[in-house]
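For reference, the chains in residue letters:
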Amino acid sequence: MYAAIASNKRRTYLIMALFVIIIAALAWVAAGLFGYNVPIFTTLALVVAGIYALIQYFAAAKIALAVNGAKEIKKKDNPRLYRTVENLSIAAGLPMPKVYIMEDKGLNAFATGRDPKHAVVCATTGLLDAMDDTELEAVMAHELGHVQNYDIRVMMIVFGLVSAIGLIADILLHMMWFGGDGDNPPHPIFLVLGVVAIVLAPLIATMVQLAVS
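Because the structure is a prediction, the values reported are computed rather than measured.

Draft legend 1. Up close: the packing of helix 3 (residues 79–92) against helix 5 (residues 133–148). At a minimum axis separation of 9 Å, helix 3 and helix 5 run at an interaxial angle of 50 degrees. Taken together, helix 3 and helix 5 sit at an angle that is classed as oblique. Note that helix 3 runs across helix 5; the crossing there is right-handed. Between helix 3 and helix 5, the contacting residues are Arg-80, Leu-81, Thr-84, Val-85, Leu-88, Ser-89 and Ala-92 on the first element and Asp-133, Leu-136, Glu-137, Met-140, Ala-141, Leu-144 and Gln-148 on the second. A per-class count over the contact of helix 3 with helix 5 returns 8 nonpolar, 3 polar and 3 charged.

Written out as C-alpha cells, the structure is:
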C-alpha cells in the first residue's frame, strides 16, 4: 500500500512536469506565430493554465457527479450501501467518504476526489440491484483502494491538465484563424509548427491520460 501511494505521488510530479513542457511548447509556438515576447507569453500561458488546472482540480469531482446526475445519500437513504462503505472505511483506516448513487441501469461504480479526506464513492442503481452484499462489498472495497492509494488524486490532476492543454490548443487555433497581421505574416515554419501543435498536443495529453488510467 505504502509503495503504491509513494509511486502515485512520484507519478503526480512527473505528469505535472510533462504537462508543463507541453504547455510551454504551445506558448513558444504561439509567440513565434504572432510575434509576442517569448518569455513573457510563455510565463503568462503557464500561469493561466495553472489557474485553470487548479480550478479543475478542486471542482472536477463535483462537475463529474453533477453531469452524471449522481445524488449524495445519507445512511437513512440507502442503509445497505452506506453501511458497506462505512464498514470498509473503518477497516481500512480511511475517513468516511461521501456516498453517491446514480440512477443508471448499468453496473458501474467509481471513486473521485483529490485525496482521502475529500473522497467520493458512487454506485449506480443497476449495480445495487444486481449484486448481493458480498459482491457489493468487493466492488466498493476496490473503489476505496483507489482512494487509499491516491489514484484519485493522480487522475484529478491529469484531468485538469488535459483540459488546460485542450483549452490552450483551442485558443491557438482561433488566434491562427482570426488573429495575425496581414502585413507581417508569421514565418512558414511557425505556421507548420502551429498546425502540428494544435493537432498533436491534445492527442498527446489524452494518450497520457489513458496511459495513467
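Draft legend 2. Summary view of the pairing of strand 4 (residues 119–124). Counting buried positions over the 6 residues of strand 4 gives 6, a clear majority of the element. On strand 4, burial covers both faces: Ala-119, Val-121 and Ala-123 on one face and Val-120, Cys-122 and Thr-124 on the other are all buried. Two elements, strand 2 (residues 98–102) and strand 4, share 5 bridges in a ladder whose sense is parallel. Looking at the pairing, Met-102 lines up with Thr-124 of strand 4. In terms of strand pairing, strand 3 (residues 109–113) meets strand 4 through 5 bridges, oriented antiparallel.

Draft legend 3. How the structure looks around the pattern of salt bridges. Tallying each qualifying case throughout the model produces 4 salt bridges. We note a salt bridge from Glu-86 to Lys-75, for which the minimum N-O separation is 3.2 Å. Remark: Lys-75 occurs in the loop between strand 1 (71–73) and helix 3 and Glu-86 occurs in helix 3; sequence separation between them is 11 residues. Given a relative accessible area of 23%, Glu-86 falls into the partly exposed group. Under the relative-accessibility criterion, Lys-75 is labelled partly exposed at 33%.

Draft legend 4. Inspection of the side chain of Thr-42 at higher detail. If you trace the backbone, Thr-42 turns up in helix 2 (residues 38–67). Contact partners of Thr-42, with chain neighbours within four places excluded, come to Ala-24, Ala-27 and Trp-28.

Draft legend 5. Geometry of helix 2. An ideal rise of 1.5 Å per residue puts 44 Å on 30 residues; helix 2 reaches only 38 Å between its terminal C-alpha atoms. The largest bend in helix 2 amounts to roughly 55 degrees and is located at Ala-59. Between a side-chain oxygen at the N-terminus of helix 2 and the backbone nitrogen of Ile-40 the separation is 3.0 Å; the capping residue is Asn-37. Downstream of helix 2 by a residue or two, Gly-69 has a phi angle that is positive, lying close to 70 degrees.

Draft legend 6. Structural context of the sheet that holds strand 4. Spatial ordering of the open sheet is given by 1-2-4-3, a layout of 4 strands whose pairing is mixed. Whereas interior strands pair on both sides, the edge strands pair on one side only; in this sheet they are strand 1 and strand 3. Along the sheet, successive strands turn relative to each other by an average axial angle of 35 degrees, direction set aside. Those strands touched by helix 2 are strand 2, strand 3 and strand 4, and its axis lies near 150 degrees from that of strand 3. Helix-sheet contacts for helix 3 involve strand 1, strand 2 and strand 4, and the interaxial angle to strand 2 is about 140 degrees.

Draft legend 7. Quick look at the pairing of strand 3. A large share of strand 3 lies buried, amounting to 5 of its 5 residues. What you see with strand 3 is no split at all: Ala-109, Ala-111 and Gly-113 on one side and Phe-110 and Thr-112 on the other are buried throughout. Counting the residues in the hairpin turn of strand 3 and strand 4 gives 5 residues.

Draft legend 8. Quick look at unusual backbone geometry. Phi is positive for Tyr-150, which is not a glycine, with a value near 65 degrees. Looking at the secondary structure, you find Tyr-150 in the loop between helix 5 and helix 6 (151–178).

Draft legend 9. Seen up close, the environment of Gly-106. Residue placement: Gly-106 occurs in the loop between strand 2 and strand 3. By relative accessible area, Gly-106 is classed as partly exposed at 31%. Considering only alpha carbons, one finds Gly-106 and Thr-125, 19 residues apart in sequence, at a separation of 7.8 Å. The contact partners of Gly-106, leaving out residues within four places of it in the chain, are Thr-124, Gly-126 and Leu-127.

Definitions and cut-offs
- Residues numbered from 1 in each chain as written.
- Predicted model: local features only at pLDDT ≥ 70, side-chain atom pairs only at ≥ 80, totals over all residues.
- Heavy atoms only, no water.
- Axes fitted to C-alpha atoms, helices over the stretch in contact; angles between N-to-C directions.
- Helix = DSSP H or I, 4+ residues; strand = E, 2+ residues; numbered from the N terminus.
- Parallel < 35°, antiparallel > 145°, perpendicular 65-115°, else oblique.
- Left-handed = near helix turned anticlockwise from the far one by under 90°.
- Contact = heavy atoms within 4.5 Å.
- Nonpolar A, V, L, I, M, F, W, Y, C, P; charged D, E, K, R; others polar.
- Buried < 20%, exposed > 50% of the residue type's maximum accessible area, 1.4 Å probe, protein only.
- Pairing = 2+ DSSP bridges.
- Salt bridge = Lys/Arg side-chain N within 4 Å of Asp/Glu carboxyl O.
- Expected span 1.5 Å × (residues − 1).
- Bend = angle between axes of the 7 residues up to and from the residue.
- Polar contact = N/O pair within 3.5 Å; in protein donor to acceptor, adjacent residues only side chain to side chain.

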